[in-house]
Amino acid sequence: MNFQLDADMVKTNIEEKLLRHFGALPGTATKEQVFKAVAMTVRDILTRKRGEFKHVANLNGAKRVYYLCMEFMLGRSLRTNLCNLGLSGIYSEVLGKLGFDIEEIYDIEPDAGLGSGGLGRLAACFMDSLSSLNYPATGFSICYEYGLFRQKIIDGIQIELPDIWLPRGEVWLIPRTDRAFVVRFGGRVKEVWKEGRLQVHYEDCEEVEAVAYDMMISGADCEAVSPLRLWRARDLHRFNMGLFTQGQYTRALEESNNAEIISKVLYPSDNHTEGKLLRLSQQYFLASASVQSMIHDHMAVYKTLDNFPEKVAIHINDTHPALCIPELIRILIDEYYFDWERAWDCVTRCVSYTNHTVMPEALECWNEALFKLRLPRIYAIIKEINERFCQQAWNVFPGAWKRISDMSILGYGQIRMANLSIVGSHHVNGVSKLHSEILKESTFREFYRLWPHKFTNVTNGIAHRRWLCYVNPGLAALLDECIGPDYRTHPERLMDFLKFADDPGVLRQLRAIKHENKVRFAKYAYAKTGQKIDNHSVYDMQIKRMHEYKRQLLNALNIIGLYLELKDNPGLDMQPQTFIFGGKAAPGYHMARRIISLICMLSREIDSDPQVCERLRVIFLENYDVSEAEILMPAAEISEQISLAGKEASGTGCMKLMMNGAITIGTLDGANVEILEAVGKENMYIFGLSSREVDELWLRGYNSVEYYAQNEKLTKIIGQLQKGFAGESFADIASYLIASHGVSDPYMCLADFESYRLTRESMICAYADREKWNRMSLCNIASSGYFAADRSIRDYAREIWGIEEVSTKAAYADKN
C-alpha cells in the first residue's frame, strides 16, 4: 500500500477530522482541536501501515517479540511520528496555510503519563527501534489515568500533584473492545480431577476486565508500526443497578471504582499495605491480560500452541512483569490441559529477562502471606516451580543449604521476583558490561554457577533519530553536510565525523550550533523559572531521578564550595558556570526530597547575591520530563554521571548528552565504562573510586569523618550545611554525611569529593581552550553511534529473541 500524501490530501484529511469530531472549520477551530485533528490523521496513517505489516508478518509465520514493562516514557508523539513518517515538512506547510504554527501545535500535546524514569525511557526507545528495523513486536503496559505525579516546588519542598494527561493524550489511543480479558484476584481456588484432567474452579474471587487500548509506535524510514497495547481496568459487572435503585448510590459505584483503581496511577506509594496490594494487583493485571492476549493472537493465526515457543518471544523488562511466568503456566495447564513438564518447557523457551539493578536491597520481593491472599492460584504455581527448582539445585549442589536458600524463590516469608525471573527465563541480561559482570560475580553469583549459559550482556541504547536528528536539527544538518544522511539509519557511521576533528570551519560551526541551543534553553528557563542565564557560562547538567546513589548531593557539595570561594574572594577570576538539575523524588523518599530542598535553597541564596550570581547559577527545573529533556540535551556542555561506582546499572541520559556533544564527568560506573572505551580518556573526565575499590573500602571500614577532618574545603562546606541557605538549616544532611553513630555517607560522597572537585576544575580549565573543547565535543558525537538503540535491538534479536526482520516490499515482490 502506498502511503504517500500531498498537501491537498493532508489539508482535506485535517478539515474532515475537524468537521466530523468538533463541528469546526480551520478558521474557527482552537489549537487543541487542530492538534487532535492532526493527531487523528497521523493515527490513521499508522493504523493502515500496521495492518499491512501485521498481515505480511502473519503470512510469513514470523516470530514476534512481546515486550512487557510497567512503564513506557514516550513523551510527546506528534513530532516524532511526523518526522519518522517523513511528513513534518508537508504538515508544517499545510498548517501554515491554515493559519497555525506547527511548533505551537506540538506544544499542545502533553507528555504521556505512562512512565517515570530510565526504565520507561529505555522501553520507549526500544519500541522505536523495533519498528524502525522492521521486527514484528508488541509492547504491553497499563493505561494509567494519571502519571507518576506532576512535581511542583514550593519553598524548596516537592509537592506531588495529579499528572492529568488523558484529556489531550487519549487521541492516540485506539480502543480495542474486541480484546478484553478477565483477570481474577483473591477468593479461593478449588482443584478437581475430572476425566483425568485437573479442573480449577474459583470461588468468591474478584473479577476485573482488562480492556485493550492500542497506541501505534512508528519507526523511521521503515515498513513496520508496532502497537503498544495498554490495559485499562474496569469492573466486569459494570454497575450494580440493584443497589442503586435501593438508594445505595455510593455502594453501587464502589465496586466499579475498586476495579478501575488498578489502572488509575503509575507506581502508587507502597509504604502501606493497601499500596502494596495495589502494586501487586497492577503487576498481575499486566501479566495476565498480556499473556491472554498473546495466546489469543497466536491461536488466531496458528490454531495450535504446539509451536508457541518457535513463534513467540516474551521479554520482561525488570521484574515487574515477572508474573507472566506463572500466569503462562496457569493458562497452559488449567485451560489447555498441558502437563507440567510440557508447560514449563514452553515457558522457559519463550521468556527472557533484563535486570536493571545491582543492589540486592533493590531487588523486588513480595510478602508471602499477602501474595497468597491476593493471588492464590499463582501462589500455588510459584510454590511448585520453587520445589522443582530447589530439587534441581540440590542435585547440582548437594548439601549446599545456604546456597540453595539464597537461590530459592520463596524464603523468609518473601517471594523473590528476581529469582523467579531467572529460574523461568532462557536468558538473563544486564544493561552494561560492568553491570553484567557484577550480576555474574556478585548479585546472582550462584545462579551463574548453575546456569552460566543463561547470562549475557546487552548494553542499553537510545533512539538516536529522536535524540539527535529531531531535537537537534542544527547538529543533524551539519552531520548531513559532512558525512551524509546514512547515519540516520546506520548510526555506526557517525564515526565518519571524526575526519573533521581538526577542521577549524566544522569546529566553529559546532560551537555556533551549541550556542544557539544554549540561547534557546536560556529563553525557555527564563520563561519557566524567571532566572536569567549567562549564555557564555558553562552549562553543567545533572538531570535524572533523584536518588542518593546518583549523588546529586556530591554535585551540590562542590557548588557550595564554589559559592564559598566567591563569597570569600569576590574578585576571584572564575569561569561563569550554570548548574542545571531536574528530577523527581519518590513521594516517600525523605533524603531525596531533602536534597531537592538543598539545591533549591542554595539556588535562592546565590540568586540573592548580585556579585555571586554573575558567575554562578543553580537552577532546579520542576517537573522535568521528556519534552523538557528535548530542549536541555542539545544545550548541555557538561554531563554529570557521578553515581557511586558499582551502583548504576547503565543509564541512558549519559548517552543522549554524549550524542549531543556534552563532555562527561563521571565515575567508572554503568555505561560510563563503555563510553570511555568509545571516546578515549582524552575526551572524558573520570574520577573517584572504582567499584572494586568501593568494595575494598567498605571491607576495611569506611569512615567518612576521616575525609571530613582531613579536607579543609569539606570542613567549610559541611559547616555551611549546618548553618543553612536562604534561612533553612541542612544540619540533617550534614549529620547524614558525618554521623558519629550508624552508617554515615552511605554513597561515599566525601570519599570521592576531592577527586571530583579537582577533575571538574581541570574540565573548567579545558573549557577556556574553545578549539580543544569543541574537538572533544565532536569526538563524543562521532563515538556515540554504538549507543543507539538500533544496535541494542539487533543484539537482542540475534542473541536472545531469535527474531528476524520482515519486509512487506519483499513479500509483494514475491507475490508479483
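Look a little higher up for the structure.
Structure report, in brief.

**Some points on the overall build of the chain**
Phase 1: Scanning the chain from N- to C-terminus turns up 36 helices and 22 strands.
Phase 2: Across its three principal directions, the C-alpha atoms of the chain cover 90 × 75 × 60 Å.
Phase 3: In the chain, which comprises 816 residues, the proportion classed as buried is 61%.
Phase 4: Put simply, of all contacts in the chain between residues at least 6 apart along the chain, 77% involve residues at least 24 apart.

**Remarks on empty space enclosed by the protein**
Phase 1: Summed over all chains, the structure comprises six cavities of 30 Å³ or more.
Phase 2: Lining the largest cavity are 16 residues; nearest its centre among them are Leu74, Thr80, Asp128, Ile217 and Arg466.
Phase 3: Listed by contribution, the elements that provide at least two residues to the lining of the largest cavity are α3 (78-85), α6 (118-132) and β8 (206-218).
Phase 4: Tallied by class, the residues present in the lining of the largest cavity amount to seven nonpolar, five polar and four charged.
Phase 5: Considered as a void within the structure, the second largest cavity measures approximately 120 Å³ in volume.
Phase 6: Arg184, Phe185, Tyr202, Tyr284 and Arg377 are the residues nearest the centre of the second largest cavity, which is lined by 16 residues in total.
Phase 7: Listing elements by their share of the lining of the second largest cavity, those giving two or more residues are β5 (173-185), α10 (273-302), α12 (324-335) and α15 (376-396).

**Let's talk about the pattern of salt bridges**
Phase 1: Following the criterion strictly, the structure yields 65 salt bridges and no others.
Phase 2: The partner of Asp107 in a salt bridge is Arg76, and the shortest N-O contact between them spans 3.1 Å. Taken together, the residues Asp107 in helix α5 (residues 102-108) and Arg76 in the loop between β1 (64-68) and α3 connect sequence positions 31 residues apart.
Phase 3: On the basis of relative accessibility, which here comes to 48%, the residue Asp107 falls in the partly exposed class.
Phase 4: By relative accessible area, which is 23% here, Arg76 ends up partly exposed.
Phase 5: With a closest N to O distance of 3.9 Å, Arg76 and Asp111 form a salt bridge. Residue Arg76 is found in the loop between β1 and α3, and its partner Asp111 is found in the loop between α5 and α6; the two are separated by 35 residues along the sequence.
Phase 6: In this structure, a network of salt bridges that share partners links the residues Arg176, Asp178, Arg179, Asp214, Arg229 and Asp297.

**Focus on unusual backbone geometry**
Phase 1: You will see that Asp318, though not glycine, has its phi angle at about 75°, which is positive.
Phase 2: Here Asp318 shows up in the loop between β10 (312-317) and α12.
Phase 3: Owing to a relative accessible area of 15%, Asp318 belongs among the buried residues under this scheme.

**Quick look at the state of the cysteines**
Phase 1: For the structure shown, the criterion picks out zero disulfides.
Phase 2: Cys83 supplies the cysteine sulfur nearest to Cys469, a cysteine that is in no disulfide, at a spacing of 9.2 Å.

**Here's the deal with the side chain of Arg377**
Phase 1: With respect to the helices and strands, Arg377 occurs in helix α15.
Phase 2: A residue is classified by how much of its surface remains accessible, and Arg377, at 8% relative accessible area, is buried.
Phase 3: Not counting residues within four places of it along the chain, the set of residues in contact with Arg377 comprises Val189, Glu191, Leu198, Val200, Tyr202, Arg330, Ile333 and Asp334.

**Some details on helix α31 (residues 712-723)**
Phase 1: The end-to-end C-alpha separation of α31 is 17 Å, in line with the 16 Å expected for twelve residues at 1.5 Å each.
Phase 2: Turning to α31, the residues buried within the fold contact α23 (552-568), α24 (590-607), α30 (704-710), α32 (731-738) and α33 (749-767).
Phase 3: Among the residues of α31, the N-terminal cap falls to Asn711, whose side-chain oxygen and the backbone nitrogen of Lys713 are separated by 3.0 Å.
Phase 4: Positive phi shows up at Gly724, right after α31, with a value of about 100°.

**What to know about the environment of Glu335**
Phase 1: Relative to the assigned elements, Glu335 resides in helix α12.
Phase 2: Glu335 gets classed as partly exposed once you look at its relative accessible area, which sits at 42%.
Phase 3: Sequence separation between Glu335 and Gln199 is 136 residues; the distance between their C-alpha atoms is 8.4 Å.
Phase 4: In terms of polar contacts, Glu335 uses its side chain to reach the side chain of Arg330, at 3.3 Å.

**Here's the deal with a nonpolar patch on the surface**
Phase 1: Taken together, the side chains of Ile154, Ile157 and Ile159 define a hydrophobic patch exposed on the protein surface, amounting to about 240 Å² of accessible area.
Phase 2: Its location among the elements puts Ile157 in strand β4 (residues 157-161).
Phase 3: By relative accessible area, which is 44% here, Ile157 ends up partly exposed.

**A word on the environment of Tyr487**
Phase 1: Along the chain, the position of Tyr487 falls in the loop between α21 (473-483) and α22 (504-529).
Phase 2: Residues Tyr487 and Ile316 lie 171 residues apart in sequence; the distance between their C-alpha atoms is 30 Å.
Phase 3: Setting aside residues up to four positions removed in sequence, Tyr487 forms contacts with His464, Leu468, Cys469, Ala476, Leu479, Asp480, Arg493 and Leu494.
Phase 4: Within the structure, Tyr487 has its side chain in polar contact with the side chain of Asp480 (distance 3.0 Å).

**Structural notes on the pairing of β10**
Phase 1: The element β10 is extensively covered by neighbouring structure, given that six of its six residues are classed as buried.
Phase 2: Burial along β10 is two-sided: Val312, Ile314 and Ile316 and Ala313, His315 and Asn317, pointing in opposite directions, are all buried.
Phase 3: Examined bridge by bridge, β1 and β10 share five bridges and lie parallel to one another. Considered in β10, the bridge of Tyr66 is made with Ile314.
Phase 4: In the sheet, β10 pairs with strand β11 (residues 351-354) via four bridges, with the strands oriented parallel.

**Re the pairing of strand β21 (residues 663-666)**
Residues in a regular strand point their side chains to alternate faces of the sheet.
Phase 1: Alternating residues of β21 divide into Ile663 and Ile665 and Thr664 and Gly666, and every residue in both groups is buried.
Phase 2: Of the strand pairs in this sheet, strand β20 (residues 638-641) and β21 are connected by four bridges, and their pairing is parallel. Bridge assignment links Gln641 to a residue of β21, and that residue is Gly666.
Phase 3: A crossover links β20 with its parallel partner β21, the connecting element being helix α27 (residues 653-659), and its sense is right-handed.
Phase 4: Sheet topology note: the β21/strand β22 (residues 685-686) ladder contains two bridges and is parallel. Note on β22: the bridge partner recorded for Ile665 is Tyr685.
Phase 5: Between β21 and its parallel partner β22, the chain crosses via helix α28 (residues 672-679), and the hand of that crossover is right-handed.

**Focus: the sheet that holds strand β14 (residues 414-416)**
Phase 1: As summarised here, the arrangement of the three strands in space is β12-β14-β13, forming an open sheet in which the pairing is antiparallel. This sheet does not close on itself; its edge strands, each paired only once, are β12 (365-367) and β13 (410-411).
Phase 2: Here β12 pairs with β14 via three bridges, running antiparallel. Counterpart to Trp366 in the pairing with β14 is Ile415.

**As for the sheet that holds strand β19 (residues 616-621)**
Phase 1: Ordered by their spatial adjacency, six strands build an open sheet running β19-β18-β17-β20-β21-β22, and the pairing between neighbours is parallel. Sheet topology places β19 and β22 at the edges, where each strand pairs with a single neighbour.
Phase 2: Along the sheet, α23 makes contact with β17 (538-543), β18 (577-582), β19 and β20, crossing β18 at roughly 150°.

What counts, and where the lines are drawn
- Residues numbered from 1 in each chain as written.
- Predicted model: local features only at pLDDT ≥ 70, side-chain atom pairs only at ≥ 80, totals over all residues.
- Heavy atoms only, no water.
- Helix = DSSP H or I, 4+ residues; strand = E, 2+ residues; numbered from the N terminus.
- Buried < 20%, exposed > 50% of the residue type's maximum accessible area, 1.4 Å probe, protein only.
- Contact = heavy atoms within 4.5 Å.
- 1 Å grid on protein atoms, 1.4 Å probe; cavity = no way out; pocket = protein on both sides within 12 Å on 5 of 7 lines; lining within 4 Å.
- Points joined across faces, edges and corners; volume = space filled by probe spheres on them.
- Nonpolar A, V, L, I, M, F, W, Y, C, P; charged D, E, K, R; others polar.
- Salt bridge = Lys/Arg side-chain N within 4 Å of Asp/Glu carboxyl O.
- Disulfide = S-S within 2.5 Å.
- Expected span 1.5 Å × (residues − 1).
- Polar contact = N/O pair within 3.5 Å; in protein donor to acceptor, adjacent residues only side chain to side chain.
- Patch = residues over 30% accessible without salt bridge, like charges linked within 9 Å, V, L, I, M, F, W, Y side chains within 5 Å.
- Areas by Shrake-Rupley, 256 points an atom, 1.4 Å probe, with all protein chains shown as cover.
- Pairing = 2+ DSSP bridges.
- Right-handed = clockwise from strand over helix to strand, strands pointing away.
- Axes fitted to C-alpha atoms, helices over the stretch in contact; angles between N-to-C directions.

Shape descriptors only; they carry no functional weight alone.
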